[in-house]
Amino acid sequence: QVQYVESGGDLVQPGGSLRLSCAASGSIFSRYHMGWYRQGPGKQRDLVASITSGGSSTNYADSVKGRFTISRDNAKNTVYLQMNSLKPEDTAVYYCNRIRSFPAGLPFSSWGQGTQVTVSS
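K.L.:
How should the pairing of strand β8 (residues 78-83) be read in this particular structure?
P.N.:
Where a strand is regular, its side chains alternate between the two sheet faces. Within β8, five of the six residues are buried, leaving the element largely enclosed by the surrounding structure. Where strand β3 (residues 18-24) and β8 come together, six bridges link them in antiparallel fashion. The residue bridging R19 from the neighbouring strand is Q82, located in β8. Sheet analysis places strand β7 (residues 68-73) next to β8, joined by six bridges and oriented antiparallel. Bridging across to β8, F68 finds its partner in M83. Hairpin geometry of β7 and β8 is characterised by an intervening segment of four residues between the two adjacent antiparallel strands and by a positive phi of about 50° at N77.

Okay, here's the thing in structure tokens:
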């Protein structure tokens, strides 16, 4: 079973930037489409960005389009989320996971611990 370790979350002021990383275990990482999800306080977990297995195509939720960039390094089994122009409403725990189809297929059942992003002045 694939395991994920998310990192890079922090407290940042509005307008700031963060880069999240998600390291995945296992040798088949490069076969899977990947997504970044977030779950804000009292909210459901939503997909905010996804990327194809080879990294050639990406997709974003309207709420983050133009501000967030997803990328991956298959040699390092890692997917990244560059977040710019952060807003208070981006405050959430961020998770990565494989998705069953691109761009917005259901995630697999295994989740990591997530990384907390807090945007506040």
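Picking up where we left off.
K.L.:
Looking at this structure, I do not really get the pairing of strand β1 (residues 4-7). What am I missing?
P.N.:
Where burial is concerned, the two faces of β1 differ: the one with Y4 and E6 is buried and the one with V5 and S7 is not. As paired strands, β1 and β3 are joined by four bridges and run antiparallel to one another. Each bridged residue has a counterpart across the sheet, and for V5 the counterpart in β3 is A23.

K.L.:
Whenever I open this one, the state of the cysteines confuses me. Can you help?
P.N.:
By definition, a disulfide is the covalent link that joins the sulfur atoms of two cysteine residues. Summed over the entire model, instances satisfying the criterion amount to one disulfide. The partner cysteine of C22 in its disulfide is C96, sulfur to sulfur 1.7 Å. Placement of C22 in strand β3 and of C96 in strand β9 (residues 92-99) is noted, with a sequence separation of 74 residues between them. Grouping residues by exposure puts C22 and C96 together as buried.

Calculation criteria
- The numbering scheme is per chain: residues are counted from 1 as the chain's sequence reads.
- Per-residue local features are limited, in this predicted model, to residues with pLDDT of at least 70; the limit for side-chain atom pairs, both in listing and counting, is 80 or more; totals at the level of whole chains, interfaces and linings are taken over all residues.
- Note that the side-chain values use all heavy atoms of the structure and ignore hydrogens as well as water.
- Relative accessibility thresholds used throughout: buried, under 20% of the residue-type maximum; exposed, over 50%; partly exposed, between the two (1.4 Å probe, protein chains only).
- Runs of E in the DSSP output that reach at least two residues are strands. Runs of H or I that reach at least four are helices, and both are numbered from the N terminus.
- Two strands pair under a simple rule: DSSP has to find at least two bridges between them.
- Disulfide assignment relies on a single distance test, namely cysteine sulfur atoms paired within 2.5 Å.

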